[in-house]
Amino acid sequence: MERVDPLTAPAAPAATARDWSEPIAFAVMVAVLVIAPFFVYPLFLMQALCFALFACAFNLLIGYVGLLSFGHALYFGWASYLAAHAAKVWGFPPELAILTGAATAAGLGLVAGALAIRRQGIYFAMITLALAQMMFFFALQAKFTGGEDGIQAVPRGKLFGFIDLGNQMTMYAVVVVIFLAGFLFIHRVIHSPFGEVLKAIRENEARAVSLGYKTDRYKLVAFVLSATLAGVAGATKAIAFQIASLTDVHWTMSGEVVLMTLVGGLGTVFGPVVGAFVIIAMQNYLNVLEQWVTVIQGVIFVFCVLLFRRGIIGEIAHALRIRL
Amino acid sequence: MFEIFGVPSQALFGQLLLGLINGSFYALLSLGLAVIFGMLNIINFAHGAQYMLGAFTAFFLLQYVGLGYWTALVIAPIVVGLTGIVIERAFLQWLYRLDHLYGLLLTFGLALIIEGVFRNYFGSSGLPYQMPEALTGGQNLGFMFLPNYRAWVVVFSAAVCLTTWFVIERTKLGSYLRAATENPTLVRAFGINVPRMITLTYGFGVGLAALAGVMAAPIYNVSPQMGSDLIIVVFAVVVIGGMGSIMGAVVTGFGLGVVEGLTKVFFPEASNTVIFVIMAIVLLIRPAGLFGRRA
C-alpha cells in the first residue's frame, strides 16, 4: 500500500519553472464567486465562504505547521458572540464589530496557543479541545451570550456609515471581499520566509531548533494568526446571518472544520475552500437525510483517513503534478 | 450533623462521594486511553462512544433478553471489546505507520457514526436502567448517608484499576506488553505475535470503557451522548496525568473527581470547568504532566 501522508510529506513536487497553476486557479475561483450569486442562493454562498475562510485559517496550522487544533470553534464562536454583541448592544458599525470579534479571537488564541504549544502532537490536539470545551461552558453560563437562545436579530448596519448591508447582494459582495482578503493574506504568509520556517518546523522541529530558530515563537505566532482569521470568519458570519449561537462554539463545530479541510486536502491552498463548499452543500441540499448528517460526516472522516488522505484538491494536484 | 467551613457535613460528604464516583469513571476511561495509546500510539476518540455502547448493551440485555446487571457486567465488556477488535482489524491497523493524528481523526469519525446512529433510534433523552436488587438501599454512617450502589462503584472500579496495573506492571504478560511498547520489532524477533497483542490490547481498552458504561447505567440515564462530553474531560485528565504511567492515570482520575466534587460544594459555578483550569495550571508549571516524562 502506498504510504500517502500529506501531514508529514510535502503534497506536491516543488515547482521548478514559474508555476502558473495557482494564479489560474485563483482567477477561476474569483470568476466563480462573481457569477455564482446569479445562479445559487447568496445566503448559501455566504455561509460557505465564511466556513471556507474558517477552514483556510485552520489549514494554516495543520497544513503548514503540522499542528492539529481540535478546538478552533473557540475562536470562530467567541468572535461571532463578541461581534454580535458589539453590533447589537454597543451599536458598533459592522466593520468595527468584525474587528472586535477578530481581536477577541486573537486574545483567546494568544492564551490558548501559549498553553497548547507546551506539548506536542496528540497532546496538542487534546489541550486545544479541552480549552475550547471550557470556553463552551463559559458561553453557556455567561449572561450576554443568551444561553440556548444565542444573540438573535443582530443588525447588519451600514458599512463605513453609507453602504447598507440590508441588501443581500451588497452583503454578499462584502463577504467575498473579506474572504478573498483573508485567503490572500494566508497565501502571503505561507510563501513568506516566515512560512518557510513554519514548514521547516512541520518537517523536523528538532532540526529547526538546532538551526537557531525559536520554534515556540513561530508556532505561537502561527497559532494567533490562525485564531484571528477564524475569528474574522466567525464575526463575518454573525453579521451576515444576524445570529450568534452555541452551535458555533460547540466541539462539533471544531470537528466540522477539520472535516472540511480533510475533504478538500490538508496542506493545499485551495483544498479548504472546496472542502467547505462540499460539506456546506451536503448539509443544505441533503436535508432529506437531516438526522443522518452526523453519521454521514463520520463515514466521510473514516473514508478520507483510510483511502483519500490527499483530499479532493490534493488528488487533482497530484494527478496533474502541479501545486494547488 | 455538623458543619465544615459553613457547609453541612451531609452536603460536603455527599459531593465528595459524587466526586469519587465521577473520579472512578475518569480513572477507568483514562486508564483505557493510556493502555491503548501505549500500544497503538493512537488516541482513541471513540472511547466515549464505546462507554455509551457498554451502557446500551446492558440496557438491551435487560430489556430484550432479561439478563440483569451482574450478567451485563461480564457480557457487555466482552461484546463491546469484540467490536473494538473488529475496528482495529478493519481500520486502525492501516494507520500505524502514519502520523498519530490520523488515528485521532479516524476514531473521531467512528465516534460520530456510533453516536449518530444511536441518537437516530433512541433520541436524546435518557433511558432509565434498573439498579441491581442486591445494591439498593444504603448505610447511615452518622455523618452521611452512603448508598450501597455508589460504594460498590468506587470499590469495584478501584479494584479493576489495581488489577490492570498489577497485570501490566507485575506479570509476564505485562512485561511482554511493556517490551512491545518500547520496541515492537525486537519483541517480534523473540517470536511473540505483536500484531495480535496490539489487537487484543485495543479490545481490552475498549472493554474497560464498556465496563465503565455498565457501571454508569444505573446512576446516570443511558443516553446516546452520555460519552461525548465525558471524553473531553477525560482528555484533560490524561493531559494532567500524562499517559506514561498506569498508576498516574488512575490516581489523577480519582483525584480530579474529588476536586471536582469539592468545587461543587464551595464554588458550584466553576464545577464544569475546574478540571480544564487545573489542566491549564499544570501546563504552566509542569508541562509534561504530573506523572509524565519529558518527551
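Rules behind the numbers
- Residues numbered from 1 in each chain as written.
- Chains lettered and ligands numbered in written order.
- Predicted model: local features only at pLDDT ≥ 70, side-chain atom pairs only at ≥ 80, totals over all residues.
- Helix = DSSP H or I, 4+ residues; strand = E, 2+ residues; numbered from the N terminus.
- Buried ≥ 20, exposed ≤ 12 C-beta atoms within 10 Å, placed from the backbone.
- Contact = placed C-beta atoms within 7 Å.
- Rg over C-alpha atoms; globule rule 2.2 N^0.38 Å.
- Nonpolar A, V, L, I, M, F, W, Y, C, P; charged D, E, K, R; others polar.
- Axes fitted to C-alpha atoms, helices over the stretch in contact; angles between N-to-C directions.
- Parallel < 35°, antiparallel > 145°, perpendicular 65-115°, else oblique.
- Left-handed = near helix turned anticlockwise from the far one by under 90°.
- pLDDT = per-residue confidence, 0-100.
- Expected span 1.5 Å × (residues − 1).

### Describing the overall build of chain A
A count of helices and strands for chain A gives 13 helices and two strands. Taken over the C-alpha atoms alone, chain A extends approximately 50 × 45 × 40 Å along its principal axes. Per-residue burial over chain A gives 52% buried out of 324 residues. For chain A, long-range pairs separated by at least 24 residues make up 78% of all intrachain contacts whose partners lie at least 6 apart in sequence.

### Observations concerning the overall build of chain B
Helix and strand counts for chain B stand at eleven helices and four strands. Its C-alpha radius of gyration of 19 Å places chain B within 12% of the 19 Å reference for a compact globule of 295 residues. By its C-alpha atoms, chain B is 65 × 50 × 35 Å across when sized along the principal axes. Counting only residues that meet the buried cut, chain B has 49% of its 295 residues in that class. Sequence separation of 24 or more characterises 75% of the internal contacts of chain B that already satisfy a separation of 6 or more.

### Considerations on the environment of V86(B)
Secondary-structure assignment places V86(B) in helix α3 (residues 69-90). Taking the C-alpha atoms as reference points, V86(B) and T273(B), 187 residues apart in sequence, are found 36 Å from one another.

### Concerning the environment of G32(B)
Residue and element names in this part refer to chain B. Examined against the element boundaries, G32 turns out to sit in helix α1 (residues 9-40). In the structure, G32 is positioned 230 residues away from L262 in sequence and 26 Å away in space, judged by C-alpha atoms. Once you skip the residues sitting within four places of it in the chain, G32 turns out to touch H47, G205, L208 and A209.

### A short note on unusual backbone geometry
Residue and element names in this part refer to chain A. If you check the backbone angles, F160 has positive phi at about 55 degrees while not being a glycine. Judged by local crowding, F160 falls into the exposed class, with 8 C-beta atoms found within 10 Å. Even without a glycine there, the phi angle at Q242 is positive, about 60 degrees. With respect to the element layout, Q242 can be found in the loop between α9 (215-241) and α10 (251-264). Using a count of 17 C-beta atoms within 10 Å as the deciding quantity, one classes Q242 as partly exposed.

### Quick word on the interface of chain A and chain B
Taken together, the contact between chain A and chain B spans 37 residues of the former and 34 residues of the latter. Within the residue set of the side of chain A that touches chain B, elements represented by two or more residues are α5 (121-141), α10 and α12 (293-307) of chain A. Broken down by element, the side of chain A that touches chain B gets its largest block of residues, 13 residues, from α5(A). Among the residues making up the side of chain A that touches chain B, the classes are represented as 23 nonpolar, ten polar and four charged.

### Remarks on the packing of α10(A) against α12(A)
Residue and element names in this part refer to chain A. For the pair α10 and α12, interaxial distance at closest approach is 10 Å and the crossing angle is 45 degrees. Relative to α12, the element α10 is oriented oblique. Of the two possible hands of crossing, α10 and α12 adopt the one that is left-handed. Contact residues: α10 offers L259, L262 and V263, while α12 offers Q297, I300, F301 and C304. The residue makeup of the contact of α10 with α12, split by class, is six nonpolar, one polar and no charged.

### As for the confidence of the model for chain A
The pLDDT averaged across chain A works out to 91; a share of 96% of its residues lies at or above 70. Across chain A, element-level confidence peaks in α9(A) with a mean pLDDT of 97 and bottoms out in strand β2 (residues 163-164) of chain A with 84.

### What about helix α2 (residues 47-65) of chain B?
End to end, α2(B) covers 26 Å across 19 residues, agreeing with the expected 27 Å (1.5 Å per residue, within 8%). Once α2(B) ends, the next one or two residues include G66(B), with phi positive near 80 degrees.

### Considering the environment of F241(A)
Residue and element names in this part refer to chain A. Locating F241 in the fold gives a position in helix α9. A count of 18 C-beta atoms within 10 Å places F241 in the partly exposed class. Residues F241 and Q152 lie 89 residues apart in sequence; the distance between their C-alpha atoms is 9.4 Å.

### Some words on the confidence of the model for chain B
Residues and elements named next belong to chain B. When pLDDT is averaged along chain B, the result is 91; 97% of the residues meet or exceed 70. Of all the helices and strands in chain B, strand β1 (residues 3-4) carries the lowest mean pLDDT, 67, while α3 carries the highest, 96. On the interface metric, ipTM, the complex scores 0.91, and its pTM is 0.93.

### A few points about the packing of helix α2 (residues 42-64) of chain A against α9(A)
All names here are of chain A. The contact between α2 and α9 brings their axes to 8 Å, and the two run at 170 degrees. When the axes of α2 and α9 are compared, the pair comes out roughly antiparallel. In this structure, α2 contributes M46, C50, L53, F54, A57, F58, L60 and L61 to the contact, and α9 contributes A222, F223, L225, S226, L229, A230, V232, A233, T236, K237 and A240.

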